[in-house]
Every structure is written in structure tokens, then in C-alpha cells.
Amino acid sequence: MSDPSSPPDAADIMTVVHEAVGGLELEPAEKREIWRFTQRELPYLWSPRTSYFMIGSYRDPYIRRLRAVQNELAKQLGTYPFIMGDLLELPTDRLNTFDIMFALLATYSDYIVGVFEKESGGEAPELGEIDDPPYFEKSYVYPRDYSWVTDANLESKHHVSQAALEIAFTDDLMQDEVASKVNSLLERAQDTGIDIAEDEVWEVLSDRTDKGEDPAAYSWVHLNKFRKFELHDRCFPWTTEEELRAAVAELPSPTPRPEWEERDGP
């Protein structure tokens, strides 16, 4: 197999790579593998299609929800939603391969979309990467069961569902106590003008309890990062997969092109 040649924008690419490896001097064979990766994968990101770099857990059942978002995006013409795990991997033993691949894909993607359901796993450090420059402005997060406001400050159907889930999964409550507290929550929500039916909440609770899916739990660090995205209108909490699929509509559509493209530098 012939060695891949350097792409026209090799200097910019290598700047990204060197930052990812902390300025480490690359060996010739490592450079060849990086060029092979860029020639195989980056042309999709340079095409006229709008690219969405999907991050989240690859473990079952979380991967199914990540794929659900990918599939919803793929329904639109002119999109390229992708998951790093589906791409060619850099076969290097010495280098921090993940950091290189992530940096290249995040740099040259139009948007980054994170689906979160827990605080552990590979998606945790990825969240730490995208909440600061240079990736923050093109990143969007979808945290399951996230809610910054407290039960005393109900503002939407989602907040009601989240508060009900916390009640339903409280270990020291009997079934009749759960029902009483949830009904009281519904009354308070309806009194504040939230248009939510009792059946809607109990359907969510029934689905989660039947599946044994406890409410997603996040560290204070995770909650603060989600809050940062929320303050910039780029955080979309969800409870059910149906809500997650519907929330995909909040992402930027394939047109117009993102503002970050017009700026100097990678």
C-alpha cells in the first residue's frame, strides 16, 4: 500500500494534531496513519453537507438513543450525522489516539451533538471538551432527566416530569405516598398554568418503572456544564425517546452554514 500524501491544508491539520498530543514529536509512520485518517474521514466534513459529530455512550441501551438522534438527523437532506466509533481508527500504539481523532472531528465538523444519560463513561470527558472554546459555540447537549430548577420553581412539562420521577424513585416512599405526592405536584403545576394532564405524567412514570430505569444522576460538575449550555439556549433536556427525537428539530438545519466557518484558523 502506498503512503498517503499530505493534504493541501496539512499545516492546519497538524496544528490540531500537535495540540491534541501536547506538542509531542510525531514519528513518520504515525504521520502516515494520520494522513490516511484525514483522507478517509475529513472529506465528508468538507463536503457541502452539514456535519453533526455525535457523542454519547456506545453501551446498550444508551447507544440506541444516540442512534435515534443520528437517524432523525439523517432524514434531512444535506446532512452527515456520524459517530466516531463508526469511523476508521488510527492504528497507533504510542499516541493518544482518541484525543487526535476527537480533535480533528470536532474541529472540522459543523456541529457537535451530545446525548447524555449518566455521568460515567467516555461521554464524560467529551462533555469537558465541548463546553469551552474552540468547540463550545457549535455544540448542543441533550441530557436525559436534567433540570436545573427545583420543584418549587416548576416552569414546564419537563420540570414536572422530572420532579415526578424523583418522587417515584424515592426508596422510602410507599406506593400510596408516591401517588399522593405526584398528584399534589400535578395540582401545583396546573395552578401555575402548566398545561399537563395527569395521564401524561403517569405514563412516563409507568414506562420508566416498568423498565427499571432510574432517573439519570449527574455530578455537580455535569449539572453546571449543562447549565452553561442551557443559558446559551443549546441544552435540550428529555425524558422519553419520543421527546428526544422531537427535540432534534431544535438543532440548526443544514442551511445556513455555521458562523464559525467564516472565522480565521481551524
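In this text, all values refer to a predicted model and were calculated from it rather than measured experimentally. (Residues numbered from 1 in each chain as written. Predicted model: local features only at pLDDT ≥ 70, side-chain atom pairs only at ≥ 80, totals over all residues. Heavy atoms only, no water.)

## Quick word on the overall build of the protein
Next, step 1: Summing up its helical and strand segments, the protein has 10 helices and four strands in all.
Next, step 2: The helix and strand sequence of the protein, counted from the amino end, reads α-α-β-α-β-α-β-α-β-α-α-α-α-α.
Next, step 3: In the protein, the share of contacts with a sequence separation of at least 24, taken over all contacts with a separation of at least 6, comes to 77%. (Helix = DSSP H or I, 4+ residues; strand = E, 2+ residues; numbered from the N terminus. Contact = heavy atoms within 4.5 Å.)

## Structural notes on the nonpolar core
Soluble globular proteins tend to bury their nonpolar side chains together.
Next, step 1: F53, L105 and I130 are the most contacted members of the largest nonpolar core, which totals 42 residues.
Next, step 2: In terms of residues, this core owes the most to one element, helix α4 (residues 97-108), which gives eight residues.
Next, step 3: Aside from chain neighbours lying at most four places away, what touches F53 is F82, M84, F102, L105, A106, S109, Y111, I112 and V113.
Next, step 4: Judged by nonpolar contacts, the second largest core, of 18 residues, contains M54, V113, A247 and V248. (Core = buried A, V, L, I, M, F, W, Y, C linked by side-chain atoms within 4.5 Å. Buried < 20%, exposed > 50% of the residue type's maximum accessible area, 1.4 Å probe, protein only.)

## Points about the pattern of salt bridges
Next, step 1: The final tally for this structure, using the stated rule, is 15 salt bridges.
Next, step 2: We note a salt bridge from K225 to D131, for which the minimum N-O separation is 2.9 Å. Linking K225 in helix α9 (residues 220-231) with D131 in the loop between α5 (123-130) and β4 (139-143), this pair joins segments that are 94 residues apart in sequence.
Next, step 3: Salt-bridge contacts for K228 lead to D132; the nearest nitrogen and oxygen are separated by 3.2 Å. Of the two residues, K228 is situated in helix α9 and D132 in the loop between α5 and β4; the sequence distance between them amounts to 96 residues.
Next, step 4: Judged by relative accessible area, which is 37%, D132 ranks as partly exposed.
Next, step 5: Through salt bridges that share partners, E72, K75, E241 and R245 make up one connected network. (Salt bridge = Lys/Arg side-chain N within 4 Å of Asp/Glu carboxyl O.)

## Digging into the packing of aromatic side chains
Next, step 1: What the rule picks out here adds up to 14 aromatic pairs.
Next, step 2: With a centroid separation of 5.3 Å and an interplanar angle of 25°, the aromatic rings of Y44 and Y80 are classed as stacked. Separated by 36 residues along the polypeptide, Y44 in helix α2 (residues 28-46) and Y80 in strand β2 (residues 79-83) bring together distant segments of the chain.
Next, step 3: Here Y44 falls in the partly exposed class, since its relative accessible area comes to 37%.
Next, step 4: For Y80, a relative accessible area of 13% translates into the label buried.
Next, step 5: Summarising the aromatic geometry, the rings of Y142 and F236 are spaced 5.3 Å apart at their centres and angled 40° between planes, so their arrangement reads as tilted. Taken together, the residues Y142 in strand β4 and F236 in the loop between α9 and α10 (241-247) connect sequence positions 94 residues apart. For the pair shown, Y142 and F236 are each scored as buried.
Next, step 6: Note that K228 overlies the ring of F136, its terminal NZ or CZ placed 4.7 Å from the centroid.
Next, step 7: Sitting over the face of the ring of F136, R234 holds its NZ or CZ atom 4.3 Å from the ring centroid. (Phe/Tyr/Trp six-rings, centres within 6.5 Å; stacked < 30°, edge-to-face > 60°. Lys NZ or Arg CZ within 6 Å of the ring centre and 35° of its normal.)

By themselves, these figures tell us nothing about what the structure is for.
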